[in-house]
Amino acid sequence: MQTIISNNSIKKNSLPIKPVIVGMGFSKKISAVELIQTLETFLKQHQYQATDIALPTFKQHDQNTIDLITLSTLPIHFINQEKLLNLQHQCSSFSEISYRHTGLGTVAEACALALMNKNGRLLIPKMIYNKISFSIAIKGDPL
């Protein structure tokens, strides 16, 4: 059964699921409801079940992030700028726009990498879906 987050509701179907970490990058203009709806659609299309969401610390006080924390049933982890900067060399994508706004060439991918354990792996380096950047990783065994 696949469980998809949604304002504390659960939707189930018979697709096989793959538990994953979701790194996300998004504009302040995107509402928490849009974030959740887009995430649900993205996960369903790829047959994934999110176990954790990783966001950059600089998003922590944005209203859409505060609302996302309230609406989401998943744990949300905030990754500090220094860790994200240190992971940039491992990222396969680079966005000039992201770099100008955040000092990071990629946000979503670095966030997903930050939550992976030593033997975790990146499944989707970066994919933009409805103006939201997603990166998907398998966490791996604990260190």
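Residues numbered from 1 in each chain as written. Predicted model: local features only at pLDDT ≥ 70, side-chain atom pairs only at ≥ 80, totals over all residues. Heavy atoms only, no water.

Trainee: Now, about the packing of aromatic side chains: what can you tell me, with residues and values included?
Mentor: Across all of its chains, the model carries three aromatic pairs by this definition. Ring centres of F42 and Y129 lie 5.8 Å apart, and the angle between their planes is 65 degrees; on these two criteria the pair is classed as edge-to-face. Residue F42 is found in helix α1 (residues 32–46), and its partner Y129 is found in strand β4 (residues 121–129); the two are separated by 87 residues along the sequence. Between F94 and Y99 the ring centres are 5.7 Å apart and the planes differ by 40 degrees, which places this aromatic pair in the tilted class. Residue classification places Y99 among the partly exposed positions, given a relative accessible area of 42%. An aromatic cluster of at least three residues, connected via ring pairs, comprises F42, Y129 and F134. (Phe/Tyr/Trp six-rings, centres within 6.5 Å; stacked < 30°, edge-to-face > 60°. Helix = DSSP H or I, 4+ residues; strand = E, 2+ residues; numbered from the N terminus. Buried < 20%, exposed > 50% of the residue type's maximum accessible area, 1.4 Å probe, protein only.)

Trainee: Tell me about the confidence of the model for the chain, and please be specific about residues and values.
Mentor: For the chain, the mean per-residue pLDDT works out to 87, and 86% of the residues sit at or above 70. Confidence over residues 1–15 falls short of pLDDT 50; this stretch has 40 contacts with residues more than four positions distant or in other chains. (pLDDT = per-residue confidence, 0-100. Contact = heavy atoms within 4.5 Å.)

Trainee: Can you tell me about the nonpolar core, naming the residues and giving the values?
Mentor: Counting residues in hydrophobic clusters, the biggest one holds 24 residues, and the most contacted among them are V22, M24 and F134. For this core, the secondary structure elements donating two or more residues are β1 (18–25), α1, β2 (48–56), α2 (63–71), β4 and β5 (132–138). With six residues, α1 is the largest single contributor of residues to this core. One finds L84, V107, M116 and A137 within the second-largest nonpolar core, a separate group that totals 16 residues. (Core = buried A, V, L, I, M, F, W, Y, C linked by side-chain atoms within 4.5 Å.)

Trainee: So what's going on with the pairing of β1? Which residues, and what values?
Mentor: Summarising burial for β1: six of the eight residues are buried, a large majority. Note that β1 and β2 share six bridges and pair parallel. Across the sheet, K18 pairs through a bridge with Y48, a residue of β2. Of the crossover connections in this fold, the one passing from β1 over α1 to the parallel β2 is right-handed. (Pairing = 2+ DSSP bridges. Right-handed = clockwise from strand over helix to strand, strands pointing away.)

Trainee: Tell me about the state of the cysteines, and name the residues and values.
Mentor: In a disulfide, the sulfur atoms of two cysteines are held together by a covalent bond. Within the structure shown, the criterion is met by zero disulfides. Looking at C91, it has no disulfide partner, and the nearest cysteine sulfur is the one in C111, 9.2 Å off. Take C91: its relative accessible area is 13%, and that puts it in the buried class. Given a relative accessible area of 0%, C111 falls into the buried group. (Disulfide = S-S within 2.5 Å.)

Trainee: A description of unusual backbone geometry should follow, citing residues and the corresponding values.
Mentor: One non-glycine residue, N130, lies in the positive phi region at around 50 degrees. Notably, K131 is not glycine yet its phi reads approximately 70 degrees, a positive angle. Structurally, the position occupied by K131 is in the loop between β4 and β5. Taking the relative accessible area as the measure of exposure, K131 reaches 73% and is therefore exposed.

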